[in-house]
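Letter by letter, the chains look like this.
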Amino acid sequence: MKDHSLMQPARMTSIAALRRLPALLLALLTALSAAWPAAATPATETSAVEAVISSRAALQPPAAPCLDRFVPYVLDHQTRTVDGLIEMFEANGSGLAAGDLDGDGDIDLVLGAYEGQDAIFWNDGFSHDGSSHDGAPQFRKQPFGDGHTRAVTLVDVDGDNRLDIVLTRSTGALNYFHSLGFDALGETQFVRRLLTGVSRPATALNWGDLDGDGDLDLVTASYDAGLLTGLGNSYLMSGGGGVHVYTQDQGRFTLSATPATVAHANAVALDDLNQ
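Predicted, not measured: the structure shown is a model, and the values here were computed from it.

What counts as what
Residues numbered from 1 in each chain as written. Predicted model: local features only at pLDDT ≥ 70, side-chain atom pairs only at ≥ 80, totals over all residues. Heavy atoms only, no water. Pairing = 2+ DSSP bridges. Helix = DSSP H or I, 4+ residues; strand = E, 2+ residues; numbered from the N terminus. Axes fitted to C-alpha atoms, helices over the stretch in contact; angles between N-to-C directions. Core = buried A, V, L, I, M, F, W, Y, C linked by side-chain atoms within 4.5 Å. Buried < 20%, exposed > 50% of the residue type's maximum accessible area, 1.4 Å probe, protein only. Contact = heavy atoms within 4.5 Å.

Our focus in this paragraph is the sheet that holds strand 9 (residues 204-208). The antiparallel open sheet is built from four strands, whose spatial order is 9-10-11-12. Each of the sheet's edge strands pairs with one partner strand only, and the pair in question is strand 9 and strand 12 (252-260). The average angle at which neighbouring strand axes cross in this sheet is 20°, direction not considered. Sheet topology places strand 11 (residues 243-249) next to strand 12; six bridges connect them, and they run antiparallel. Counted as the bridge partner of tyrosine 246 is leucine 255 from strand 12.

Right, let's talk about the nonpolar core for a bit. Membership of the largest hydrophobic core comes to 14 residues, with the highest contact counts inside it found for Val157, Val166, Leu174, Leu195, Trp207, Leu218 and Phe253. Elements with a contribution of two residues or more to this core: strand 5 (149-155), strand 7 (174-182) and strand 9. Those residues in contact with phenylalanine 253, other than ones at most four positions away along the chain, are Val157, Leu195, Thr196, Gly197, Val198, Trp207, Leu216, Leu218, Tyr246, Thr247 and Gln248. Counting residues in each nonpolar core, the second largest holds eleven residues, with Leu101, Trp122, Ile165 and Leu167 among its members.

A few words on the pairing of strand 10 (residues 217-221). The buried fraction of strand 10 amounts to five of the five residues, a majority that puts the element mostly inside the structure. Of the two faces of strand 10, the one holding Asp217, Val219 and Ala221 and the one holding Leu218 and Thr220 are both buried throughout. Where strand 9 meets strand 10, five bridges bridge the pair, whose relative direction is antiparallel. Among the inter-strand pairings, tryptophan 207 is bridged to a residue of strand 10, identified as leucine 218. Relative to strand 11, strand 10 is paired through four bridges, and the arrangement is antiparallel. What sits directly across from threonine 220, in strand 11, is histidine 244.

Right, dumping it as structure tokens:
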């Protein structure tokens, strides 16, 4: 017969050792984790994108502070009369317009001339030469057209996403310079074309989608006293003055209304006054 009293202490010792084993393992793991270098936490997709945005924002130059004042800038352009004298109605002036003609994000200028050629002033960006013009736009002049200009408008006549140039003249005729886009040298090209269907004399004009079909329609108005002085009896007998509304359909204009047969207009405005 076995004496179980002799085995009891050994059994209790083994049980006590097993009970201490988890504590020993925990202590060992704690020591190893302290000695082992911590693994880097994987960056989430959001944090990576935020880092890229932050680095790009840091590379952007600070915005130049607004001077909160107007700065005069002289352009190489003058509009003159034929004989140097300002006679009746010659002082009505020649128009100007501003718009991005070459799609580079800068605003270009078009200035009309009464005697001599009209001019495009291409905006080539800003100077940084430390002179008195530092930070001012640099314009490059390009003469064009025949002058005798009254109104100047920059408008995308045919919906090709390029601004065209439309001028009225002291004779009542319209000059339309259609933008062809860039040539092989990267220069914006214009070609003179007819506004098919537009036949009445015009001094002022404006554009808008009057019939809601998605293309631009045209409203013109004459300055009868000035046209009579310049053209004489031929204008008096033509009976073509007044305010005229042309609707456009696939590049062709149709005279759809004549709200007035007599006008002395220097400007035309289109707006919804009873909305």
